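What the coordinates show
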Amino acid sequence: MRYILALDAGTSSARAALYDAEARRLVLEAVPVERRFPQPGWVEQDPEEIWQAQFAAASKALARMGADWKQLAAIGITNQRETVIVWDRRTGHPVAPAIVWQCRRTAEFCEALRQSDQAARITELTGLVVDAYFSASKLWWILRHVPGARERAEAGELAFGTVDTWLVWKLTRGRNHVTDLTNASRTMLMNLNTGAWDPELLNLFDVPACLLPEIVDSSKVVGVTSGEVCGAEVPIGGIAGDQQAALFGQACLWPGMSKNTYGTGCFLLAHTGDQPVTSGNRLLATRAANLPGEKRFALEGSIFIAGAAIQWLRDQVGLLASAAESAAIAQSVRSNGGVYFVPAFVGLGAPYWDPHARGLITGLTQGTTRGHLVRAALESIAYQTRDLIEAIEGDIGRRISELRVDGGAAANDFLLQFQADILGRPVVRPADIETTALGAAYLAGLAVGFWKDLDEIQRRWKVDRVFEPSLGEAEREELYAGWKQAVARCLTR
Ligand code: ADP
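The text that follows walks through the structure, step by step, so that each part is easy to find.

Rules of the game
- Residues numbered from 1 in each chain as written.
- Predicted model: local features only at pLDDT ≥ 70, side-chain atom pairs only at ≥ 80, totals over all residues.
- Heavy atoms only, no water.
- Helix = DSSP H or I, 4+ residues; strand = E, 2+ residues; numbered from the N terminus.
- Rg over C-alpha atoms; globule rule 2.2 N^0.38 Å.
- Contact = heavy atoms within 4.5 Å.
- Lys, Arg positive; Asp, Glu negative; His and termini not counted.
- Charge placed at Lys NZ, Arg CZ, Asp CG, Glu CD.
- Near = heavy atom within 4 Å.
- Polar contact = N/O pair within 3.5 Å; in protein donor to acceptor, adjacent residues only side chain to side chain.
- Areas by Shrake-Rupley, 256 points an atom, 1.4 Å probe, with all protein chains shown as cover.
- Phe/Tyr/Trp six-rings, centres within 6.5 Å; stacked < 30°, edge-to-face > 60°.
- Buried < 20%, exposed > 50% of the residue type's maximum accessible area, 1.4 Å probe, protein only.
- Lys NZ or Arg CZ within 6 Å of the ring centre and 35° of its normal.
- Pairing = 2+ DSSP bridges.
- Axes fitted to C-alpha atoms, helices over the stretch in contact; angles between N-to-C directions.
- Core = buried A, V, L, I, M, F, W, Y, C linked by side-chain atoms within 4.5 Å.
- Expected span 1.5 Å × (residues − 1).

Looking only at helices and strands, one finds 17 helices and 21 strands in the protein. By the compact-globule yardstick of 23 Å for 493 residues, the protein fits well, its C-alpha radius of gyration being 22 Å. Its C-alpha atoms give the protein principal-axis dimensions of about 70 × 55 × 40 Å. When contacts within the protein are restricted to residue pairs at least 6 apart in sequence, long-range pairs at least 24 apart make up 72% of them. When the 50 positive and 56 negative side-chain charges of the protein are each reduced to one mean point, those points stand 2 Å apart.

Take a look at the structure:
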């Protein structure tokens, strides 16, 4: 029996899954990874713990199947994006904790940069909006603040990587120093169009080129695991950042196809084909996972508060015992009763971009019940998604015909039905909603011929349920107009 192993290095846990030739997930094991908050707004992880947890998850998954590393046809890696690790090339020791994507320690530096005349140029080169979120300013911070780091970097003694780079380095015992195009496109150091490190950006963030990994295709054998580490030499065949892996795992392989991941927030990605699309709505242009010899791009939008609104009703307000019961409670009322909930807890992102907006609930009457409030919270996730879909369609100049969905809150049938209703197009939930790991597995399997081509991936992708829109256009637009009115009330400008 031969398997593909997917390593999914998430922010809160390291996960490992095994797939058979039918692309069926046979096992999934997770090991928690700690985050540390040494100062307000700072988020760190221990790179060694990231590696140990990932290796432990893989070992557990193999043990669960009674399998061995020798039975692996290939390994695929997907990871939390933007997180920065710098280590000594000779000893392999990190010079500082990993600075996690959520970390805001460089917010001030980035704010100054955003106000400067360089901001537009950075966006032009990278497709990204200047923000502390991306790797470049985090790497800048390490070189500036860790004693000796800059000198050692310039002497070629150090290596930089995102989490994928670090895991490949560990698995191969330092033989391979690589990152894939999707991860590199989130560093703010890569030229989005050419797919190479950009000298202008390196200069701007003061990064010596000798620190950087080689940028490789997402589906390609980049090395083999060290026999001393894993007990076998297994090809590492796929690498992609988590959201791009999910896009691939959803078999959104051609222009116009899109997926939305409903978790704490939402991540919506639309495939835009072989040309980068610049956004008029400050959405991010990024690389989609690619096979050798091709260029693939995507537009990405995110919603800050999605499932977190349900969590808030449960944990802060005490209106729900569990997130899962929100579906039944929302369905206990026939309509939203005129109630809208704008969960702008941390401001609003695309297409409004108002960091100072705060949440509100409108349309309350004496007849408003718990059902209306819960329903309004779930509906807000769907309205925000429509906002993003419209922004993306405006940018790409074509209609998105259906939306594929995954993530924890995609288990909620009420939410997905309402999503279809408010979009006026089908919402499709696949049989395997662990699409991130599946995408990494697909990329690795394609690289070693375990699976043949993209058509096979498309065929293997299976639907669980299609939610067809059932609202008339007039009703749909009336509801959406109500949402727009509520949003207008909470905007600060
Ligand atoms: P993340 O990966 O962002 O941590 P998950 O994909 O595990 O999140 O999804 C968890 C989020 O989804 C939580 O915010 C939770 O409130 C929400 N959620 C989980 N199940 C449901 C459900 N059945 N209905 C609505 N929201 C849900």
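Read on, since the account is not over.
Around the ligand there are 15 residues in total, and T264, G307, Q311, G408 and N412 lie nearest to it. The separation between an oxygen atom of the ligand and a polar side-chain atom of T264 is 2.8 Å. Q311 places a side-chain nitrogen or oxygen 2.9 Å from an oxygen atom of the ligand. Relative to its unbound accessible area of 580 Å², the ligand is 66% covered by the protein chains. Sort the elements by how many residues they give to the shell around the ligand and helix α11 (residues 307–315) lands first, with four residues.

Here the focus is the packing of aromatic side chains. Applying the stated criterion to the full structure yields 19 aromatic pairs. On the numbers, 5.5 Å between centres and 85° between planes, the contact of Y383 with F418 is edge-to-face. Here Y383, found in helix α13 (residues 370–396), pairs with F418, found in helix α14 (residues 413–423); they are 35 residues apart in sequence, far enough to count as distant. Comparing Y383 with F418, the two get one shared label, buried. An aromatic cluster is defined as three or more aromatic residues linked by ring pairs; in this entry it consists of Y340, Y383, F414, F418, Y480 and W483. Looking at R282, its charged tip hangs above the ring of W353, at a distance of 4.6 Å from the centre. A cation sits over an aromatic face here: R386 above Y480, 3.7 Å from the ring centre.

Within the secondary structure layout, T436 lies in helix α15 (residues 435–447). Judged by relative accessible area, which is 18%, T436 ranks as buried. Beyond its immediate chain neighbours, meaning those up to four positions away, T436 contacts D8, T78, D242, A245 and A246.

On to the pairing of strand β13 (residues 258–262), then. Most of β13 sits out of view: five of its five residues are buried. Neither face of β13 is exposed, since S258, N260 and Y262 on one face and K259 and T261 on the opposite face are all buried. Counting the residues that bridge the hairpin from β13 to strand β14 (residues 266–273) gives three residues. Bridge count between β13 and strand β19 (residues 403–406): four bridges; the pairing is parallel. Residue pairing for β19: K259 is matched across the bridge by R404.

To continue, consider the sheet that holds β14. Paired through their backbone hydrogen bonds, the strands of a sheet run either parallel or antiparallel. Reading across from one edge, β15-β16-β14-β13-β19-β20-β21 is the order of the seven strands in this open sheet, with mixed pairing throughout. In this open sheet, the two edge strands, each paired with only one partner strand, are β15 (284–287) and β21 (463–467). Each neighbouring strand pair of the sheet contributes to a mean axis angle of 25°, computed without reference to strand direction. Bridge count for strand β20 (residues 427–430) against β21 is four bridges, and the pairing is antiparallel. Considered in β21, the bridge of V428 is made with V466. Here α14 sits on the sheet and contacts β13, β19, β20 and β21; the angle it forms with β20, its principal contact strand, is near 145°.

Another point: the nonpolar core. Grouped together as the largest cluster of nonpolar side chains are 105 residues, with contacts concentrated most on L139, I142, L189, Y262 and V342. With 12 residues, the top contributor of residues to this core is α13. Excluding its chain neighbours within four sequence positions, the residues that come into contact with L189 are A136, L139, A196, W197, D198, L201, L202, F205, V207 and L212. Listed in part, the 40 residues of the second largest apolar core include A14, A16, A53 and L171.

What follows deals with helix α4 (residues 135–145). The buried fraction of α4 amounts to nine of the 11 residues, a majority that puts the element mostly inside the structure. Within the sequence span of α4, burial applies to S135, A136, S137, K138, L139, W140, W141, I142 and L143. Those residues of α4 hidden inside the fold are in contact with β6 (85–88), β7 (98–99), α2 (107–115), α5 (149–154) and β8 (158–161).

Judged by pairing direction, the sheet is mixed, and its six strands sit side by side in the order β3-β2-β1-β5-β12-β11 without closing on themselves. Each having just a single partner strand, β3 (25–32) and β11 (219–224) make up the two edges of the open sheet. Along the sheet, successive strands turn relative to each other by an average axial angle of 25°, direction set aside. Judged from the five bridges that link them, strand β5 (residues 72–79) and strand β12 (residues 235–241) form a sheet pairing that is parallel. Directly across from N79, in β12, lies its bridge partner G241. Docked against the sheet, helix α6 (residues 163–171) engages β1 (3–9), β5 and β12, running at close to 145° with respect to β5. Most of the contacts of helix α10 (residues 242–249) go to β12, to which it runs at about 105°, and overall it touches β5 and β12.

Our focus in this paragraph is α15. The terminal C-alpha atoms of α15, which comprises 13 residues, lie 18 Å apart, in line with the 18 Å expected from a rise of 1.5 Å per residue. Of all 13 residues making up α15, 12 are buried, and the element is well covered by its neighbours. When α15 is considered as a whole, its buried residues turn out to be T435, T436, A437, L438, G439, A440, A441, Y442, L443, A444, G445 and L446. With its phi angle positive at about 75°, G449 sits one or two positions after the end of α15.

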